[in-house]
Amino acid sequence: MFWTSLAFYLEGSPYHYSSSIAGLFGLVGVAGAAGAPFVGRLADKVAPKKIIGVLIVLTLLAYGLFGLSGLSIWSLIAGVIVLDLGVQGTQVSNQTRIYALEPAARSRINTVFMVSTFAGGAAGSTLGSYAWHLWGWSGVCWTGGTFIAAALMVWGSASFKRIEVLPYNPVWKTEFDRIRKPHY
């Protein structure tokens with residue numbers, strides 16, 4: 001949602017940057033993406049589910065910074081860094097969680113995960129363009145923030161249920177099969 005609309009925003013008022021300057025903001029995002037290995041190491045020590053909540057809040061904060069970007073280019077730059085840290089870190093943490101489900105099915109699980117990620121990105125780009133068309137930059141910020149807030153609510157509702165997805169253990173499968181077999 002953000003990256004598609006960013007080019008529209010930077011080419012218009014108050015910045016009037018060319019598309020090549022707007023493209024340089026992708027390099028600013030590298031600073032946030034550089035935090036992904038740190039998040040990966042943290043996910044090895046702390047439950048990824050908890051880390052994901054913090055990262056969703058960071059992403060929501062980024063949209064708040066984007067809303068302030070009319071005041072300063074620095075708030076836009078800070079928002080890009082925080083957004084990339086939140087999004088990249090969430091992806092790493094979610095991959096940590098799904099890879100723990102069943103090691104034998106990692107490629108299939110990753111395929112579903114990445115297809116879902118790209119489908120969500122395409123839908124976000126479409127929504128971002130539509131929000132820009134209807135409401136301009138503030139509409140993009142509100143739309144993006146609303147979706148991130150919804151993600152936070154979904155995360156919160158799942159977190160408060162206290163349902164934990166445990167790593168795959170082959171002993172469980174054999175025990176489950178033994179219990180599940182009908183007794184005649």
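Residues numbered from 1 in each chain as written. Predicted model: local features only at pLDDT ≥ 70, side-chain atom pairs only at ≥ 80, totals over all residues. Heavy atoms only, no water.

Asks: Can you help me understand the overall build of the chain in this one?
Replies: Along the backbone of the chain there are eight helices and zero strands. What you see in the chain, going N to C, is helices and strands ordered as α-α-α-α-α-α-α-α. Burial status across the chain gives 33% buried among its 184 residues. A separation of at least 24 residues holds for 70% of the contacts in the chain among residues at least 6 apart in sequence. For the chain, the accessible area works out to roughly 11,300 Å², and carbon and sulfur atoms hold 70% of it. (Helix = DSSP H or I, 4+ residues; strand = E, 2+ residues; numbered from the N terminus. Buried < 20%, exposed > 50% of the residue type's maximum accessible area, 1.4 Å probe, protein only. Contact = heavy atoms within 4.5 Å. Areas by Shrake-Rupley, 256 points an atom, 1.4 Å probe, with all protein chains shown as cover.)

Asks: Please clarify how the nonpolar core should be interpreted in this entry.
Replies: Looking at soluble globular proteins, one finds that nonpolar side chains tend to be buried together. Counting residues in hydrophobic clusters, the biggest one holds 25 residues, and the most contacted among them are Phe-2, Leu-10, Phe-25, Phe-66, Leu-76 and Trp-137. Elements with a contribution of two residues or more to this core: α1 (2-11), α5 (48-67), α6 (73-99) and α7 (106-160). Each residue touching Phe-2, except ones within four places of it in the same chain, is listed here: Tyr-63, Phe-66, Leu-76, Val-80, Leu-83 and Trp-137. (Core = buried A, V, L, I, M, F, W, Y, C linked by side-chain atoms within 4.5 Å.)

Asks: Explanation requested: the packing of aromatic side chains in the structure shown.
Replies: In total, this model carries nine aromatic pairs according to the counting rule given. On the basis of an interplanar angle of 35° and a centroid distance of 5.9 Å, the ring pair of Phe-8 and Trp-132 is categorised as tilted. Here Trp-132 lies in helix α7 and Phe-8 lies in helix α1, a separation of 124 residues in the sequence. On the basis of relative accessible area, Phe-8 is assigned to the partly exposed category, the value being 35%. Ring geometry for Tyr-15 versus Tyr-17: centroids 5.6 Å apart, planes at 20°, classification stacked. (Phe/Tyr/Trp six-rings, centres within 6.5 Å; stacked < 30°, edge-to-face > 60°.)

Asks: Any chance you could explain a nonpolar patch on the surface here in plain terms?
Replies: Taken together, the side chains of Ile-21, Leu-24, Leu-27 and Val-30 make up a nonpolar region of the molecular surface, amounting to roughly 360 Å² of accessible area. For Leu-27, the position within the fold is in helix α3 (residues 25-33). For Leu-27, a relative accessible area of 58% corresponds to the exposed category. (Patch = residues over 30% accessible without salt bridge, like charges linked within 9 Å, V, L, I, M, F, W, Y side chains within 5 Å. Salt bridge = Lys/Arg side-chain N within 4 Å of Asp/Glu carboxyl O.)

Asks: Explain the confidence of the model for the chain to me, please; I cannot follow it from the model alone.
Replies: In regions of low pLDDT, the predicted coordinates are not meant to be interpreted in detail. Looking at the chain, pLDDT values average 85 and 86% of them are 70 or higher. Averaged over each element, pLDDT in the chain is lowest for helix α8 (residues 170-180) (51) and highest for α7 (94). (pLDDT = per-residue confidence, 0-100.)

Asks: Got a minute to help me understand the side chain of Thr-90 in this structure?
Replies: Residue placement: Thr-90 occurs in helix α6. Discounting chain neighbours no more than four positions away, the residues touching Thr-90 are Ile-52, Leu-55 and Ile-56.

Asks: In this structure, what is going on with the side chain of Asp-84? I would like to understand it.
Replies: Mapped onto the fold, Asp-84 is located in helix α6. Each residue touching Asp-84, except ones within four places of it in the same chain, is listed here: Trp-3, Gly-29, Val-30, Gly-32, Ala-33 and Gly-89.

Asks: What is the right way to look at the packing of α3 against α6 in this model?
Replies: How two helices sit against one another is set out by the angle between their axes and by the gap between those axes. The interhelical angle for the contact between α3 and α6, taken along N-to-C directions, is 50°, at an axis separation of 7 Å. Here α3 lies oblique to α6, going by the angle between them. For the crossing formed where α3 meets α6, the hand is right-handed. Here α3 contributes Phe-25, Val-28, Gly-29, Val-30, Ala-31, Gly-32 and Ala-33 to the contact with α6, which in turn contributes Ile-73, Leu-76, Ile-77, Val-80, Ile-81, Asp-84, Leu-85 and Gln-88. Across the contact of α3 with α6, the residue classes break down as eleven nonpolar, three polar and one charged. (Axes fitted to C-alpha atoms, helices over the stretch in contact; angles between N-to-C directions. Parallel < 35°, antiparallel > 145°, perpendicular 65-115°, else oblique. Left-handed = near helix turned anticlockwise from the far one by under 90°. Nonpolar A, V, L, I, M, F, W, Y, C, P; charged D, E, K, R; others polar.)

Asks: Please explain the environment of Ala-34 as it appears in this structure.
Replies: Mapped onto the elements, Ala-34 comes out in the loop between α3 and α4 (36-45). For Ala-34, a relative accessible area of 54% corresponds to the exposed category. Along the sequence, Ala-34 and Asp-84 sit 50 residues apart, while their C-alpha atoms lie 8.8 Å from each other.

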